[in-house]
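Residues per chain, in single letters:
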Amino acid sequence: MKRKWKIVALLACCLLFAALAVSVSLAPAGDHGAGKHFGKYFEGKADRTFGGLRTRGRDKGNETTGQIAAWGLALANLAVGISLLSKAVRRYAPLSEGVKNSVGKFNGFQKKHLMVFHYFLNPVILAIALLHWTLSRCRDTALPEWGLVTMGVAVGLGIVLKYRLCPKSLLRNVYTMHTRPVMLLVFVFLLLIGHFAMD
């Protein structure tokens, strides 16, 4: 029981940090208000350091944390990607039943060995993404922050599913929300468009 409460606290912290990220970014409203806010902060500060990591001021991002978050996200969700591809192949590809069964067995095997990365890496990657955001905040767009919130919601729902932190009657709805492709598409869209806007 104590373990569940620790996990709930971790989930709450993740969502709180994501919400704070958005509120801080959007607080100074009007005509690139965020730019004025962060412009004051970075004025006269060409370089900054955070925990030994060096970054440029203004709209420059921190490449190290960004690369770690991107590759970590890919690794953490590799099993999910393979599983979706396997299901699509079994459903739509004109293959014999024997081949489809082999694909299904392979999918079961990889999920057994790779899903552990999905469960435990995603919260870590969310923390790294939060660090990346603190080092790379853009003055002109809030899209990366919304992507971060989407990621926080997905990770939060995953933690609820993994440790069954809600009533059984709600688990099916949580599972549906967590596994819907639309959440992934929204996350990728916000992340890519937001980073292109920053560049």
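Calculation notes
Residue indices follow the written sequence of each chain, beginning from 1 at its first position. Local features in this predicted model are restricted to residues of pLDDT 70 or higher, and side-chain atom pairs are both shown and tallied only at a pLDDT of 80 or more, whereas totals for entire chains, interfaces and linings draw on every residue. Only hydrogens and water are set aside; all other atoms, that is, all heavy atoms of the structure, feed into the side-chain values. Secondary structure counts use DSSP, requiring at least four H or I residues in a row for a helix and at least two E residues in a row for a strand, with both numbered from the N terminus. In summary, the pairing rule links any two rings of Phe, Tyr or Trp, Trp by its six-membered ring, whose centres are within 6.5 Å, and it sorts them by plane angle into stacked for under 30 degrees, edge-to-face for over 60 and tilted for everything else. A positively charged side chain is recorded as over a ring if its NZ (Lys) or CZ (Arg) lies within 6 Å of the ring centre. The angle to the ring normal must also be within 35 degrees. Along the chain, pLDDT gives the predictor's confidence residue by residue, from 0 to 100. Pairs of residues are marked as contacts when any of their non-hydrogen atoms sit within 4.5 Å. Exposure above 30% relative accessible area and no salt bridge define the residues that can form patches, which grow by joining like charges within 9 Å and nonpolar side chains of Val, Leu, Ile, Met, Phe, Trp and Tyr within 5 Å. Residue exposure ignores everything except the shown protein chains as possible cover, and the areas themselves are Shrake-Rupley values with a 1.4 Å probe. By definition here, a salt bridge exists when the distance from a side-chain nitrogen of Lys or Arg to a carboxyl oxygen of Asp or Glu is within 4 Å. To get an axis, fit a line to the C-alpha atoms, keeping to the stretch in contact for a helix; angles then go from 0 to 180 degrees between the N-to-C directions. Each angle is binned into one of four classes, with values under 35 degrees roughly parallel, values over 145 roughly antiparallel, values of 65 to 115 roughly perpendicular, and all other values oblique. By the definition used in this description, the sense in which the near helix is turned from the far one sets the handedness, with an anticlockwise turn below a right angle giving left-handed and a clockwise turn giving right-handed.

A. Spotlight on unusual backbone geometry. Despite not being glycine, arginine 164 shows a phi value in the positive range, around 50 degrees. You can see arginine 164 is positioned in the loop between α6 (143-163) and α7 (168-179).

B. Here's a closer look at the packing of aromatic side chains. Under the counting rule described, the total for this entry stands at 0 aromatic pairs. Over the ring of tyrosine 119 we find lysine 162, and its NZ or CZ is 4.2 Å from the ring centre.

C. Up close: the confidence of the model for the protein. Of all residues in the protein, 66% attain a pLDDT of 70 or more, and the chain-wide mean is 76. The secondary structure element of the protein with the lowest average pLDDT is helix α2 (residues 33-42), at 39, and the one with the highest is helix α5 (residues 97-136), at 93. A low-confidence stretch, residues 15-59 stays under pLDDT 50, and its non-local contacts, those more than four residues away or across chains, total 69 contacts.

D. Looking closely at a nonpolar patch on the surface. A surface patch of nonpolar side chains, about 530 Å² in accessible area, is lined by Leu75, Leu78, Val116, Phe117, Tyr119 and Phe120. Of all the elements, α5 adds the most residues to the nonpolar patch, at 4 residues. Here tyrosine 119 shows up in helix α5.

E. Representation of the packing of helix α3 (residues 63-76) against α5 in the model. Running from N to C, α3 and α5 point in directions that differ by 160 degrees, and their axes come no closer than 9 Å. Accordingly, the angle class assigned to the pair α3 and α5 is roughly antiparallel. Two packed elements cross with a definite hand, and for α3 against α5 that hand is left-handed. Contacts from Thr65, Gly66, Ile68, Ala69, Gly72, Leu73, Leu75 and Ala76 in α3 reach Phe117, His118, Leu121, Asn122, Ile125, Ile128, Ala129, Leu131, His132 and Leu135 in α5.

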